[in-house]
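Chain residues, written in single-letter form:
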Amino acid sequence: MQETQYDAIVVGSGIAGGWAAKELTEKGLRVLLLERGRNIEHVKDYVNARKGTWEYPHRGRRTQEMIAHYPVLKRDYPLNETNLDYWEKDEESPYTEVKRFDWYRGYHVGGRSLMWGRQSYRFSDIDFTANVKDGIATDWPIRYADIAPWYDYVEKFAGIAGSNEGLEVLPDGQFQPAFPLNCGEEQVAAKLKSQFGGTRRLIPGRVANLTQPLPGRNQCQLRNACWLGCPYGGYFSTQSSTLPAAVATGKLTLKPWSIVTEVIYDKDAKRAKGVRVLDATNNQTVDYSAKIVFLCASSLNSSWLLMRSATDIWPAGLGSSSGELGNNLMDHHFRLGASGDLEGLEDKYYYGRRPTGFYIPRFQNIGKDKRGYLRGFGYQGSASREGWDRAVAELGRGGAVQGRDGAARAVDHRGHGVRRDAAEPCQQDHARPREEGQMGAAGPQDRLRHRRERAQDAQGHDEGHGRDARGQRREERAHLRRRLLPRHGDPRDGDGAHGDRCEELGAQQVQPGVGCAQRLRDRRRVHDVGGLREPVAHVHGTHGARGRFRRRSAQEARAVTRQA
C-alpha cells in the first residue's frame, strides 16, 4: 500500500518546486514532490541534446501539421521540431482568451527550468521601496538587507555568471566569472560610457550558466542548446541541481503523472492539511496529507488550485478573502527594441556560442535622469555578425531591393539572420525593419512571421537569451541544402548565438566570414563563397525590449559557383 502521509508536500517540480524539495529534505523532512506530467531524467532523456540540424526529418523546424495542432505555440519561438515534447499540447490543455495571452507550458519533471531564459538579476532597495516612495499599492514588508543573504545562498548553489559593477540599481552578487562582452558589445559599452558620463552602462548579462565547474556539473560548453536539456549540467535546472541534492538525502519521494486537483483544507484547524491528486495513468484519486504544503505550480496553476480549494468556506477559493486571488497578472513586453550598425570590425571575429549577451541596467528616474513616468526598465541584447548568405540572392526569396535612400541592398527576404548550420553563430534576426511593399509581398507581418518560424528560445525573454531561439535555414531548393564547415569548431556542438571573445586576424589566419573563402558541403556538391566581408553586429535588447546593432558591408558578394 502506498504511503500517503509526509512531513511536507511540494506541488510542481520546476525551479521553485525543485528548490523547495531540496531545502526541506536537507532539513530532515520527508517530502512528496508531485508533478502533473512525465518524468525527464537528467542526461538520459535529453534525446536531442547532441543532434545536428541535418539529423531532424524537417531540419528542426516546424511543419504544417505542427501549426495545425498547436494554435498557441505556433505564435512564436517554442514551436519547432527539436524539443516539441517539452511543451504542453494546446489541444489537450486549451484555455479561454478574452484577449490574446500566449501561455507556453511545460508539464514534466523540471518544468520550465529546462527551457527558461536563465537571466538572473537581484532586486535592489530602489525596487523594495518603490511602492512607499510612489505612494501606491502596498509597501514591501522586507528590504534588500533582509533578502541579500538568501541571494548569496542561491547564487552560490545555482552558479550565476556575472560581473560586479557597484551599481545601486542592480546589486552585485556571488558570481562566477562573467561571459565577456565581444568586440561589438565592447564598442557600444565604451560609447555609452563616454556619451553619458557613466550613468548608462552596458555589462555582461548575468546568467545561470557555469563558467567554472560545480560538484556534479561541468561548465557551460558554449553550445547554445540549453532548451534541449544540458547533458553537462552547464545551466541551472531542477534536473542538474536541486533534484540530485534532494534525492541524495534519501528523504524525497517523486511522483510524476500526479495532477493535484485541490488543496484539502481543515476547517477546525484553519489550515491546509494535504492535497487531492488525480493519477494521470489510471484516473484514480488519492489524498496525501502533510503539515506543510508548498504550491510551486507556476503563477497561473497555483492560483487555479487555490480557486478550486475550500470553496465551501470561500466561494472564490482558498486565500481569496482579499479579493485579489486570480487578479493582477502581469506579463513582459515582447518584441520591442532597437537596432543599429557598427563599423570598423571587419578584421575581428568571436568564438563559441555564449548563452547570454549584455544587459543595460535601468537608468530612467535614477539620479538626475527624470522621466514623465514612474520607475524604469532595463535592456537585454547582444551583438553579432550577420549571416554570409544575406548577400547571396540564390539563398533568399529575392535579390537586391531598393532602400529608402535609393541604394540597392542585397537582402534575405526570409527575415532571419544566421541558421544553425551557418558559420557565424548568431541566433537572432538580422533583417532591417521594412515597410509594406518594400520587398513585394514580404512586409512587416511576413517578416515577423518568418522570424517567428525560425526563432526557437527564450529565453530568455528575457528570453533574451532568454529566448530559446534557433535560426534554421529554409531549404529553398534541394541542391542548396548544405552545412557550413568552419575551420574552428563543429556546428554539431550546438547552434547558436554569441561568441565569447574577439581576435585580430593575421594574414595567415583563415577565419569564418572575414573576406576568406568558405566551403559549403552536402552529400552531393561543394559550393565556394569568396570575398564576403561580413558585417559584425546586431544588438537586441530588453526586459521586454529587443533590438539589434548591425553593420552592413558595402562590398558585393561574389557569385556562388558549383563544383562537382
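Residues numbered from 1 in each chain as written. Predicted model: local features only at pLDDT ≥ 70, side-chain atom pairs only at ≥ 80, totals over all residues. Heavy atoms only, no water.

K.L.:
Mind showing me how you'd approach the pairing of strand β6 (residues 271-279) here?
P.N.:
Where a strand is regular, its side chains alternate between the two sheet faces. Here strand β5 (residues 258-266) runs beside β6; their pairing, made up of 8 bridges, is antiparallel. If you follow Tyr265 over to β6, its bridge partner there is Ala272. Pairing analysis gives 5 bridges linking β6 to strand β7 (residues 285-289), with the strands arranged antiparallel. Its bridge partner being in β7, Leu278 is matched across the sheet by Thr285. With antiparallel pairing between neighbouring strands as the criterion, β6 and β7 make up a hairpin whose turn holds 5 residues, including Asn283 at a positive phi of roughly 65°. (Pairing = 2+ DSSP bridges. Helix = DSSP H or I, 4+ residues; strand = E, 2+ residues; numbered from the N terminus.)

K.L.:
Honestly, the nonpolar core in this entry has me stumped. Any pointers?
P.N.:
For soluble globular proteins, nonpolar side chains are generally found buried alongside one another. Core analysis: the largest hydrophobic core is formed by 25 residues, its most contacted members being Leu73, Tyr86, Trp87 and Leu114. Those residues within four positions of Leu73 in sequence are excluded, and the remaining contacts are Arg62, Pro78, Leu79, Leu84, Trp87, Asp90 and Tyr104. By size, the runner-up hydrophobic cluster in this structure holds 13 residues, among which are Tyr6, Ile9, Val11 and Val277. (Core = buried A, V, L, I, M, F, W, Y, C linked by side-chain atoms within 4.5 Å. Buried < 20%, exposed > 50% of the residue type's maximum accessible area, 1.4 Å probe, protein only. Contact = heavy atoms within 4.5 Å.)

K.L.:
Would you take a moment to explain the environment of Gly357 for this structure?
P.N.:
Position of Gly357 relative to the elements: it lies in the loop between β10 (348-350) and β11 (358-360). Once the C-alpha coordinates of Gly357 and Ile203 are considered, the two residues, 154 residues apart in sequence, prove to be 8.8 Å apart.

K.L.:
Please explain a nonpolar patch on the surface as it appears in this structure.
P.N.:
Together, Trp150, Tyr153 and Val154 make up an exposed nonpolar region whose accessible area comes to about 300 Å². Position of Val154 among the secondary structure elements: in helix α5 (residues 144-158). (Patch = residues over 30% accessible without salt bridge, like charges linked within 9 Å, V, L, I, M, F, W, Y side chains within 5 Å. Areas by Shrake-Rupley, 256 points an atom, 1.4 Å probe, with all protein chains shown as cover. Salt bridge = Lys/Arg side-chain N within 4 Å of Asp/Glu carboxyl O.)

K.L.:
Quick question: what am I supposed to make of the pattern of salt bridges here?
P.N.:
Should the charged atoms of two oppositely charged side chains come close, the side chains can pair. A complete count under the given rule lists 23 salt bridges for this structure. In this structure, the salt-bridge partner of Arg201 is Glu165, at a minimum N-O distance of 2.5 Å. Of this pair, Arg201 sits in the loop between α6 (183-196) and β3 (203-204) while Glu165 sits in the loop between α5 and α6, placing them 36 residues apart in sequence. Linking Lys348 and Asp347 is a salt bridge whose minimum nitrogen-to-oxygen distance equals 3.5 Å. Taken together, the salt bridges that share partners define one network made up of Lys22, Glu23, Glu26 and Lys27.

K.L.:
I tried to follow the sheet that holds strand β4 (residues 252-255) on my own but got confused; where do I start?
P.N.:
Sheets are built from strands that pair by backbone hydrogen bonding, the pairs being arranged parallel or antiparallel. Taken in spatial order, the 4 strands of this open sheet run β4-β2-β1-β8, and their pairing is parallel. Looking at which strands have only one partner, the edges of the open sheet turn out to be β4 and β8 (292-295). Neighbour-to-neighbour, the strand axes of the sheet open up by a mean angle of 15°, direction not taken into account. (Axes fitted to C-alpha atoms, helices over the stretch in contact; angles between N-to-C directions.)

K.L.:
What is the right way to look at helix α7 (residues 238-248) in this model?
P.N.:
Side chains three or four residues apart in an α-helix point the same way, a direct result of the helix having 3.6 residues per turn. When you tally the buried positions in α7, you get 8 out of 11 residues, the bulk of the element. Within α7, burial applies to Thr238, Gln239, Ser240, Ser241, Thr242, Leu243, Ala245 and Ala246. Its buried side turned inward, α7 meets α1 (15-26), β2 (31-34), α5 and β4. The positive-phi residue at the C-terminal boundary of α7 is Gly250, with phi of around 75°.

K.L.:
Explain the packing of aromatic side chains to me, please; I cannot follow it from the model alone.
P.N.:
Under the counting rule described, the total for this entry stands at 18 aromatic pairs. Between Trp19 and Phe157 the ring centres are 5.3 Å apart and the planes differ by 65°, which places this aromatic pair in the edge-to-face class. On the criterion of sequence distance, the pair formed by Trp19 in helix α1 and Phe157 in helix α5 is long-range, its members being 138 residues apart. Given a relative accessible area of 13%, Trp19 falls into the buried group. Residue classification places Phe157 among the partly exposed positions, given a relative accessible area of 27%. Ring centres 5.0 Å apart and planes at 85° place the aromatic pair Phe128 and Trp140 in the edge-to-face group. Highlighted residues: Phe128 in helix α3 (residues 125-128) and Trp140 in the loop between α4 (130-134) and α5, separated in sequence by 12 residues. Put simply, the rings of Trp19, Trp116, Trp150, Tyr153, Phe157 and Phe236 touch in pairs and so form one group of aromatic residues. Lying across the ring of Phe157, Lys22 places its NZ or CZ 4.5 Å from the centre. (Phe/Tyr/Trp six-rings, centres within 6.5 Å; stacked < 30°, edge-to-face > 60°. Lys NZ or Arg CZ within 6 Å of the ring centre and 35° of its normal.)

K.L.:
Hey, could you run me through the packing of α1 against α7 in this one?
P.N.:
Helix-helix packing is described using two parameters, namely the angle between the two axes and the distance between the axes. It is at 7 Å that the axes of α1 and α7 come closest, and there the two elements cross at 25°. The orientation of α1 with respect to α7, classified from their angle, is roughly parallel. In this structure, the crossing between α1 and α7 has a hand that is left-handed. From α1, Ile15, Gly18, Trp19, Ala21, Lys22, Thr25 and Glu26 reach across to α7, where they touch Thr238, Thr242, Ala245 and Ala246. In terms of residue class, the contact of α1 with α7 is built from 5 nonpolar, 4 polar and 2 charged. (Parallel < 35°, antiparallel > 145°, perpendicular 65-115°, else oblique. Left-handed = near helix turned anticlockwise from the far one by under 90°. Nonpolar A, V, L, I, M, F, W, Y, C, P; charged D, E, K, R; others polar.)

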